[in-house]
Every structure is written in structure tokens, then in C-alpha cells.
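# Summary of the model geometry
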Amino acid sequence: MEIWINPACSKCRSALTLLDAEGADYTVRRYLQEVPSEDEIRDVLDRLGLEPWDITRTQEAVAKELGLKEWARDAASRERWIAALAGHPKLIQRPIITADDGTAVVARTDEAVRDALSR
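Residues numbered from 1 in each chain as written. Predicted model: local features only at pLDDT ≥ 70, side-chain atom pairs only at ≥ 80, totals over all residues. Heavy atoms only, no water.

### Section: helix α1 (residues 10-21)
Taking 1.5 Å of rise per residue, the 12 residues of α1 would be expected to cover 16 Å, and the 16 Å separating its terminal C-alpha atoms lies within 8% of that figure. Contact partners of the buried residues in α1: β1 (2-5), β2 (27-30), β3 (96-98) and α5 (110-117). Gly 23, located one to two residues past α1, shows a positive phi value of around 70°. (Helix = DSSP H or I, 4+ residues; strand = E, 2+ residues; numbered from the N terminus. Expected span 1.5 Å × (residues − 1). Contact = heavy atoms within 4.5 Å.)

Have a look at this one:
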């Protein structure tokens with residue numbers, strides 16, 4: 001499995017601690033340095049079963065600058081949201097774990113991390 005993290009994020013550190021405690025085999029992707037492409041974001045969204053606005057941190061300063069709260073949340077606007085996430089990776093909710101079975105989970109709770117481990 002792979003986990004997308006921001007090392008400054010307490011939820012990310014908690015997820016890593018739990019993965020280590022469970023002896024999980026995983027790789028870390030510091031997504032602010034190793035920015036996901038639009039295709040990678042589409043793939044993760046498909047694996048999550050979510051839309052880009054579902055994993056967008058709308059309280060970030062850049063979200064306010066872009067006016068994301070006013071953007072339409074529909075199929076016609078999906079690519080615009082994906083481009084914003086790729087262009088401003090700080091907007092991506094974290095941590096995200098991609099499981100070996102092809103699924104993914106936004107791992108903000110211990111329960112979500114355990115869910116990823118069970119796949």
C-alpha cells in the first residue's frame with residue numbers, strides 16, 4: 001500500500017504510527033514534494049469512489065483565493081477541480097491510503113486506517 005502524507009499533519013503522523021504498530025508494509029509519498037498528476041488524482045478518486053470536491057481542503061488559503069466554495073460540483077466541473085488539486089496539492093485531503101486490492105481510503109481516523117489494513 002501507499003500513503004500520501006504531509007509530515008506536518010498530525011492525522012498523517014497518527015496514521016503512520018498505527019501502520020507501524022500493525023507491522024504494515026507500505027510506502028510513503030510526500031505528496032507536496034512528489035505532486036500527483038491529474039491522471040493519478042483521477043485514479044485515486046476512482047479508487048475512493050469520490051469526486052474531487054469530496055477530497056478538497058476548502059479552508060486552505062489557496063482554496064479561498066481560487067473561490068472554490070463557489071465552484072460548481074457537477075460532472076462538467078470535475079476536470080477543473082482535478083486541475084486545481086494537481087496545481088495546488090495542499091488542497092488534497094490527507095492522508096490517503098491506496099490499498100493493495102485497488103481501493104483507497106481517506107485515513108483521517110484510526111478506523112479508516114484499520115479498514116485499509118483489512119483489505
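### A word on the packing of α1 against α5
Two elements in contact, α1 and α5, have axes whose closest approach is 10 Å; the angle formed by their N-to-C orientations is 45°. In terms of axis orientation, α1 runs oblique to α5. At the point where α1 passes α5, the crossing takes the right-handed sense. Facing α1, whose interface residues are Ala 15, Leu 18 and Leu 19, α5 presents Asp 110, Val 113, Arg 114 and Leu 117. (Axes fitted to C-alpha atoms, helices over the stretch in contact; angles between N-to-C directions. Parallel < 35°, antiparallel > 145°, perpendicular 65-115°, else oblique. Left-handed = near helix turned anticlockwise from the far one by under 90°.)

### Quick look at the side chain of Arg 78
Relative to the elements of secondary structure, Arg 78 occurs in helix α4 (residues 78-87). On the accessibility criterion, Arg 78 (17% relative accessible area) is buried. Each residue touching Arg 78, except ones within four places of it in the same chain, is listed here: Arg 42, Leu 45, Asp 46, Leu 50, Glu 51, Pro 52 and Trp 53. (Buried < 20%, exposed > 50% of the residue type's maximum accessible area, 1.4 Å probe, protein only.)

### Description of the pairing of β1
Sheet topology places β1 next to β2; 4 bridges connect them, and they run parallel. Opposite Ile 5, over in β2, you have Arg 30 as the bridge partner. Read as a crossover between parallel neighbours, the route from β1 over α1 to β2 is right-handed. (Pairing = 2+ DSSP bridges. Right-handed = clockwise from strand over helix to strand, strands pointing away.)

### Here's the deal with the nonpolar core
In this structure, Ile 41, Ile 55, Leu 91, Ile 92 and Ile 96 are the most contacted members of the largest nonpolar core, which totals 21 residues. Sorting the residues of this core by element identifies α2 (38-48), α3 (61-66) and α4 as the ones contributing at least two each. At 5 residues, α4 tops the list of elements feeding residues into this core. Dropping the residues within four chain positions of it, Ile 41 is found in contact with Pro 36, Ile 82, Leu 85, Ala 86 and Ile 92. Membership of the second largest hydrophobic core comes to 17 residues, among which are Ala 15, Leu 16, Ala 24 and Ala 116. (Core = buried A, V, L, I, M, F, W, Y, C linked by side-chain atoms within 4.5 Å.)

### Brief notes about α2
Residues of α2 that are buried include every one of Ile 41, Val 44, Leu 45 and Leu 48, and no others. What you see down the axis of α2 is that its buried residues fit within an arc of 100°, all on one side. Facing away from the buried side of α2 by over 90 degrees, the exposed positions are Asp 39 and Asp 46. Looking at the buried positions of α2, the neighbouring elements they touch are β1, α4, β3 and β4 (104-106). Backbone geometry just downstream of α2 places Gly 49 in the positive-phi region, at approximately 75°. (Arc of directions from axis to C-beta.)

### A short note on the packing of α2 against α4
Contact geometry for α2 and α4: axes closest at 9 Å, N-to-C directions at 115°. With respect to α4, the element α2 is oriented roughly perpendicular. Judged by the sense of rotation from one axis to the other, the crossing of α2 with α4 is right-handed. Residues Glu 38, Ile 41, Arg 42, Leu 45 and Asp 46 of α2 form the contact with α4, whose participating residues are Arg 78, Glu 79, Ile 82, Ala 83, Leu 85 and Ala 86.

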